[in-house]
Amino acid sequence: MTLHERMWRSVLEVTLSFSFAGTETLVVGTAGRDVTLTCQNASQRALVVEWFRGDPDMTPILFSSDGKLPDDARFSLIGNTSLHIAGLRPQDESNYTCKEVLNETDHLHRIQLLVASGPDKISVQIHPTTTLPNGTLYAKRHDILNFTCTTISRPVPTIKWDFYPSGSTHELFTEVNSSQNSFILHQISPRYQGNYTCSAKNPLSGFQATLTEELLVYYPPPSLPQCWVETTNESSGGVKLFCQWPGGYPHPTLYWRDKEDLGSREFNATSQEDSLVATLNSSQVLREKEFTCHGSHVLEQGAKASCTVRLVDPMIISDPVRSCFVGRAVTLTCHLIAGNPPARITWLRNISQPEMEIQSGGRFHVSQEGNTSTLIIENCTRSTDEGYYVCKAENSVGLREMYIHLTVAEPVNISGIVGTIVVLLLLGILVFFGVFLYAGPRYCPKGTLLRTRDSSDILVLMDSEDEDVLTEPAGDPAWHKAMVRANGHATWPKESFPAEMPSEISLEEKEAGPTT
């Protein structure tokens with residue numbers, strides 16, 4: 001706050017305190033207008049009323065009812081008591097005193113005159129922005145905007161910024177006691193699009209001035225235009241060219257152009273917000289033609305965006321031969337691999353009458369998902385279903401057909417064949433195991449095919465005379481050699497068990513008798 005502002009504030013506070021005490025009156029006038037200072041205590045018995053600018057003891061008489069005229073013609077006396085000042089100026093601000101001269105005494109009445117001016121010449125600046133022909137401002141999204149409001153006022157005014165968005169209540173941004181109020185908005189977004197009002201109010205006179213600026217936030221579409229083609233619903237067989245460029249504000253400018261005819265721009269086109277539709281009839285040569293949609297945005301005048309569409313004959317692929325068993329179901333499939341605009345796929349049955357289209361119903365079910373069309377025939381019969389079927393794809397540019405031959409055959413009893421093979425296989429397995437078990441150890445060396453070498457369940461045949469041999473200590477070398485000959489491998493027992501030590505004697509040795 002400047003020194004002048006602090007002086008004004010202190011003077012105003014002192015003046016109000018004196019006014020409430022009844023010793024002095026505060027009068028606020030507006031520069032350029034008239035004001036009347038009334039000597040409130042003047043009585044009918046007053047002989048002379050004198051006006052002074054300042055203290056009567058220190059300043060000369062300004063105006064007197066007995067004929068003393070002021071030097072400034074703007075001053076006059078009304079009703080012989082009130083001082084009238086025309087065309088008030090800032091330099092007229094001062095303390096005025098009226099003196100009532102009676103026969104007995106003099107009575108003084110003090111009046112403080114404050115001169116208020118403005119707010120005048122209010123100005124609003126929002127930058128960086130661009131001004132449209134109607135005066136509206138627009139800024140680019142994500143920019144940093146500076147808002148400044150200035151005015152001229154005496155004393156210092158109160159300035160505030162209010163934001164009025166579209167369809168919402170207003171929002172107070174900032175308020176200060178100064179001749180200038182500024183703020184900054186970073187990363188401006190579309191939500192800050194609306195009206196910005198700067199209001200300046202004089203604290204003395206209460207006079208208020210406002211100025212409003214409308215701000216729009218522009219932004220280009222985030223992607224390139226999109227183009228596609230559709231067949232018209234009319235019987236003319238024409239096409240519609242669609243061009244769409246969404247996501248920007250304001251809406252872009254779009255137009256279609258024939259790539260071969262660079263000078264042609266005129267199409268039967270209708271525009272709606274961010275899309276453009278052009279209609280072409282079948283009388284024009286459309287096959288293999290290319291059309292380009294051009295778009296421009298106010299923020300990117302130098303950059304052109306475009307998309308191109310090409311009108312192409314339909315192309316389809318399918319299996320040329322299909323088969324079906326009597327009483328079963330079969331599926332015929334037709335794939336569209338090319339064609340712009342997208343072709344309509346239909347199924348025909350009778351070659352002699354190709355226009356007889358197969359419709360869903362009964363044993364026939366026709367469906368299409370994306371570029372694939374499917375014909376399902378249930379409960380096939382040779383007499384009615386066998387033969388040729390036609391997959392037909394047609395758009396506004398051309399026609400393509402694909403022939404599929406369906407063969408219907410009697411079903412084969414697969415389950416009976418499989419059952420027979422399984423039974424024979426099981427019988428073979430059983431015969432193999434029977435022979436194997438019957439042959440016994442003749443086909444198994446040493447009869448140890450199904451037992452481990454460490455098995456202890458060995459049949460031991462011995463004579464009574466051999467029992468004494470087994471009772472010898474386990475550590476005897478002669479005994480160990482006998483064990484090796486009997487078992488075929490070395491065995492080292494941890495403890496000596498003479499009665500349970502295993503040995504083996506072949507049948508030939510048993511028949512020959514004990515060894516001497």
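Scroll up to find the structure this text is about.
Keep in mind it's a predicted model, so treat the numbers as computed, not measured.

So, the sheet that holds strand S19 (residues 253–258)
Thought 1: Taking strand neighbours across the sheet as the criterion, the three strands line up as S19-S22-S23 in an open arrangement whose pairing is antiparallel. This sheet does not close on itself; its edge strands, each paired only once, are S19 and strand S23 (300–310). Across the sheet, the axes of successive neighbouring strands diverge by a mean angle of 25°, strand direction being ignored.
Thought 2: Relative to S23, strand S22 (residues 290–297) runs antiparallel, the two being bridged by seven bridges. Following the sheet pairing, His294 is matched in S23 by Ser306.

Notes on the sheet that holds strand S15 (residues 194–201)
As a general point, the strands of a sheet are linked pairwise by backbone hydrogen bonds and lie either parallel or antiparallel.
Thought 1: One open sheet accounts for six strands, arranged S9-S10-S16-S15-S12-S13; its pairing is mixed. Of all strands in the sheet, those with a lone pairing partner are strand S9 (130–131) and strand S13 (171–177), marking the two edges.
Thought 2: When strand S10 (residues 137–140) meets strand S16 (residues 208–218), the two strands line up parallel, connected through four bridges. Counterpart to Leu137 in the pairing with S16 is Leu215.

Thoughts on the pattern of salt bridges
Thought 1: A complete count under the given rule lists eight salt bridges for this structure.
Thought 2: One salt bridge connects Lys289 with Asp258, and the closest N-O pair in it is separated by 3.2 Å. Of this pair, Lys289 sits in the loop between strand S21 (275–280) and S22 while Asp258 sits in strand S19, and the two are 31 residues apart along the sequence.
Thought 3: Of the charged contacts in the structure, one is a salt bridge between Lys392 and Glu394, with a shortest N-O distance of 3.8 Å.
Thought 4: Given the relative accessible area of 41%, Glu394 is considered partly exposed.
Thought 5: In the salt-bridge network here, residues are joined through shared partners; they are Asp72, Arg74 and Asp92.

Rules of the game
- Residues numbered from 1 in each chain as written.
- Predicted model: local features only at pLDDT ≥ 70, side-chain atom pairs only at ≥ 80, totals over all residues.
- Heavy atoms only, no water.
- Pairing = 2+ DSSP bridges.
- Helix = DSSP H or I, 4+ residues; strand = E, 2+ residues; numbered from the N terminus.
- Axes fitted to C-alpha atoms, helices over the stretch in contact; angles between N-to-C directions.
- Salt bridge = Lys/Arg side-chain N within 4 Å of Asp/Glu carboxyl O.
- Buried < 20%, exposed > 50% of the residue type's maximum accessible area, 1.4 Å probe, protein only.

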